[in-house]
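# Working through the structure, step by step
Letter by letter, the chains look like this.
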Amino acid sequence: MGVLTTEEVASLYRRHAGMVYQISLMLLKNAPDAEDTVQTVFRRAMEREEPFDGPDHERAWLIVTARNECKNQLRHWWRTKRADVETLDNLTWEQPGDGELWELILTLPEHEKMALYLHYYQGYSTGETADLMGKNPSTVRSWLCRARRRLKDLLEEDGEYGGQTAETGL
Amino acid sequence: MEDKQLKQVFDQVKLSPEREEAMLADLLNKKKEVSGMKQANNRRRLPAAALVAAVLVVVLAGSAIAAGHFGRVNVVPKDQNIYGGAGSSYDIYGEYNQIPVESLSEEVLAYGKGLGEYDVVDLPFASWRECTAFLGLDLGGNSILEQLPQGEGGCYLDGERVSNYVHVGYYEETPVVARIVSSYQGERYSVDEEVTIRTEENYISGADTRMDTYGKVTSEDYVTPSGMAVKIVIDDMREAEFQTIRYIAHFSKDDALYMLQFFPNIESQSPGGLDELKEILDAYE
């Protein structure tokens, strides 16, 4: 067993389970698989023989491990549970447009939505995002640019939400 | 779209507090179980004979559903369920050929461009025939299923419930697996059909599909008049929360692996359900 005590595991979980779930749901598009991934990632954290170097290290480790675990799940495509009603029912949206934007984000390529999430939501710089994803900062910048352009195009294709994009000028 | 809109969306993607706490409790319980096992192992090593016996128990339990003409079907003991939850599951190993990537349509190949290392695409269609046309495959249809209204199975895509969709898995922009999912609603039953093909670029070994079961599981071999060998798994969930029986038929045909989930309507739970499933199986071209 690893170096973390039960209390430390619980604390780590409460601080970061939400982030790991967001990454997993975004990449796997499937709530049951995303929940399984959360458990797997934190089990791996529990098995670590070395303590984390600090808050930044533990967060980065969880991001990279979550992403790798999702890739494993996608590789073993047959393991993915079939999408069902509950997948969407688990999410409630403040505005209808939020649900539509989430659906569009899910359609982006894996590397683009991951870069989008780390940079715009988690607040990592493009350099830090590049480190986490094992790529050059310039590559990440082009992914971010492409992701936003794709979202803009998709939003414009969508009549109801398209009006809002015109207002915000994207 | 502004940055705050993205942030607002991600803010709402979260587990409920109750679910998060339940998952944490489950995680911590497993930590205790593993710690307990480690301590026990440190105290006393199991003799080799006991280990052999334990393995035999697992193998015998796995053969509760025996191998058939179609391929091996194995029941994994409850504690080996890969999802870690209660209940059982079984793997399906199909005997069917992997098809050349080039035999898929240009459109399918085009969808892979620009995708990540591993990625999937789900696309809705109006009918099963349209799904096969999109893939560029000539799969024989089913004269009974194609007469039925569309069912409530399938999935949600872009917020819309769809009864027919194609799921394509890509590795480095190349399709490695495709699945057609269709849902039908009869008067006395509903049927969800899944047809899976794998391309020659798919190097993943092991089982084709894993299914979770929820009740008492038995199986039956059936051969259609045309000679198609079918393994039917019967998941009797009447004592579980679902209050129904589910029949799951597995067979391979035309370089594809088929799975039919047949659900008799709850109000018409009759032994005739299995016969109706067999009629559907007999109707495959």
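Rules used in this analysis
Residues numbered from 1 in each chain as written. Chains lettered and ligands numbered in written order. Predicted model: local features only at pLDDT ≥ 70, side-chain atom pairs only at ≥ 80, totals over all residues. Heavy atoms only, no water. Pairing = 2+ DSSP bridges. Helix = DSSP H or I, 4+ residues; strand = E, 2+ residues; numbered from the N terminus. Core = buried A, V, L, I, M, F, W, Y, C linked by side-chain atoms within 4.5 Å. Buried < 20%, exposed > 50% of the residue type's maximum accessible area, 1.4 Å probe, protein only. Domains from an automatic or database assignment. pLDDT = per-residue confidence, 0-100. Contact = heavy atoms within 4.5 Å. Axes fitted to C-alpha atoms, helices over the stretch in contact; angles between N-to-C directions. Parallel < 35°, antiparallel > 145°, perpendicular 65-115°, else oblique. Left-handed = near helix turned anticlockwise from the far one by under 90°. Patch = residues over 30% accessible without salt bridge, like charges linked within 9 Å, V, L, I, M, F, W, Y side chains within 5 Å. Areas by Shrake-Rupley, 256 points an atom, 1.4 Å probe, with all protein chains shown as cover. Salt bridge = Lys/Arg side-chain N within 4 Å of Asp/Glu carboxyl O. Lys, Arg positive; Asp, Glu negative; His and termini not counted. Charge placed at Lys NZ, Arg CZ, Asp CG, Glu CD. Phe/Tyr/Trp six-rings, centres within 6.5 Å; stacked < 30°, edge-to-face > 60°. Lys NZ or Arg CZ within 6 Å of the ring centre and 35° of its normal.

Attention now goes to the pairing of strand β10 (residues 216-223) of chain B. All names here are of chain B. Bridge count between β10 and strand β11 (residues 229-236): eight bridges; the pairing is antiparallel. Counterpart to E220 in the pairing with β11 is I232. Counting the residues between successive antiparallel strands, the hairpin from β10 to β11 contains five residues, one of them, G227, with a positive phi of roughly 95°.

Counting 59 residues, the largest nonpolar core has M26(A), F42(A) and W102(A) as its most contacted members. Counting residues per element, this core draws most heavily on helix α1 (residues 6-28) of chain A, which supplies 13 residues. Looking at which domains feed residues into this core, each of domain 1 (1-91) and domain 2 (93-170) of chain A supplies at least three. In terms of nonpolar packing, the next biggest core, distinct from the first, is built from 42 residues, V121(B), V166(B), V195(B) and Y222(B) among them.

All names here are of chain A. In the predicted model, chain A carries a mean pLDDT of 81, and the fraction of residues at 70 or more is 82%. By mean pLDDT, helix α9 (residues 159-168) is the weakest element of chain A at 40, and α1 is the strongest at 93. Long-range and interchain partners of residues 78-89, a stretch whose pLDDT sits below 50, account for 35 contacts in this model, where long-range means more than four residues apart. A low-confidence stretch, residues 160-170 (pLDDT under 50), is modelled with 21 contacts involving residues beyond four sequence positions or located in other chains.

Bringing the packing of helix α6 (residues 110-121) of chain A against helix α7 (residues 126-133) of chain A into the picture now. Helix-helix packing: each pair is described by the crossing angle between the helix axes and the interaxial distance. Residue and element names in this part refer to chain A. Contact pair α6 / α7: the axes reach a minimum separation of 10 Å and the direction vectors enclose 135°. Our classification of the angle between α6 and α7 gives oblique. Considering the relative orientation of α6 and α7, their crossing is right-handed. Taking contact as the criterion, the partners of H111, M114, A115, L118 and H119 in α6 are, on α7, T126, T129, L132 and M133.

Below, the discussion takes up a negative patch on the surface. A contiguous patch of negative charge, built from E47(A), E49(A), E50(A) and D53(A), is present on the exposed surface. If you trace the backbone, E50(A) turns up in the loop between α2 (31-47) and α3 (55-75).

All names here are of chain B. Here eight strands make up an open sheet; going across it, the order is β3-β6-β7-β8-β13-β12-β11-β10 and the pairing antiparallel. Looking at strand neighbours, the two that pair on one side only are β3 (118-124) and β10, the edges of this open sheet. Each strand of the sheet is rotated relative to its neighbour by a mean of 15°, with strand direction disregarded. Where β11 and strand β12 (residues 245-253) come together, six bridges link them in antiparallel fashion. Its bridge partner lying in β12, V233 is registered against I248. Where helix α6 (residues 272-282) meets the sheet, its contacts fall on β8 (189-198), β10, β11, β12 and β13 (256-264), and the angle it forms with β13 comes to roughly 150°.

Below, the discussion takes up the confidence of the model for chain B. Across chain B, pLDDT averages 76, with 71% of residues at or above 70. Note that residues 36-86 of chain B has pLDDT below 50 and, in this model, 69 contacts with residues that lie over four places away or in other chains.

Moving on: the packing of aromatic side chains. The description of two aromatic rings rests on the distance between their centres and on the angle between their planes. In the structure shown here, the tally under the stated rule is 13 aromatic pairs over all chains. A ring pair is formed by Y189(B) and F262(B), whose centres lie 4.7 Å apart and whose planes are at 35°; its orientation type is tilted. With a gap of 73 residues between them, Y189(B) in strand β8 and F262(B) in strand β13 connect regions that are remote in the sequence. Each member of the pair, Y189(B) as well as F262(B), is classed as buried. Clustering of aromatic rings is evident, with ring pairs tying together W102(A), Y117(A), Y121(A) and F10(B). One cation-aromatic arrangement involves R148(A) over Y120(A); the distance from NZ or CZ to the ring centre is 4.9 Å.

Residues and elements named next belong to chain B. Of all nine residues in β12, eight are buried, a share of seventy percent or more. Both β12 and β13 contribute to a ladder of seven bridges, which runs antiparallel. When the sheet's bridge partners are listed, F251 is paired in β13 with Y258. Hairpin connection between β12 and β13: a loop of two residues separates the two successive antiparallel strands, and D254 in this loop has a positive phi of roughly 50°.

The next subject is the side chain of E20(B). In this fold, E20(B) is placed in helix α2 (residues 17-43). Salt bridges are absent for the buried E20(B), whose nearest opposite-charge side chain, R14(A), sits at 6.3 Å. Beyond its immediate stretch of four places on either side in the chain, E20(B) contacts Y13(A), R14(A), A17(A) and L15(B).

A word on the pattern of salt bridges. In the structure shown here, the tally under the stated rule is 18 salt bridges over all chains. E285(B) is the partner of R129(B) in a salt bridge, and the nearest nitrogen-oxygen pair spans 3.3 Å. A residue pair is termed long-range when its members are at least 10 positions apart, and R129(B) in helix α5 (residues 128-135) and E285(B) in the segment after α6 qualify at 156 residues. With its nearest N and O atoms 2.8 Å apart, the salt bridge here joins D221(B) to K231(B). One end of the pair, D221(B), is in strand β10; the other, K231(B), is in strand β11, with 10 residues separating them in the sequence. Judged by relative accessible area, which is 1%, K231(B) ranks as buried. Each of the salt bridges in this network shares a partner with another, and the network as a whole consists of E112(A), R146(A) and R150(A).

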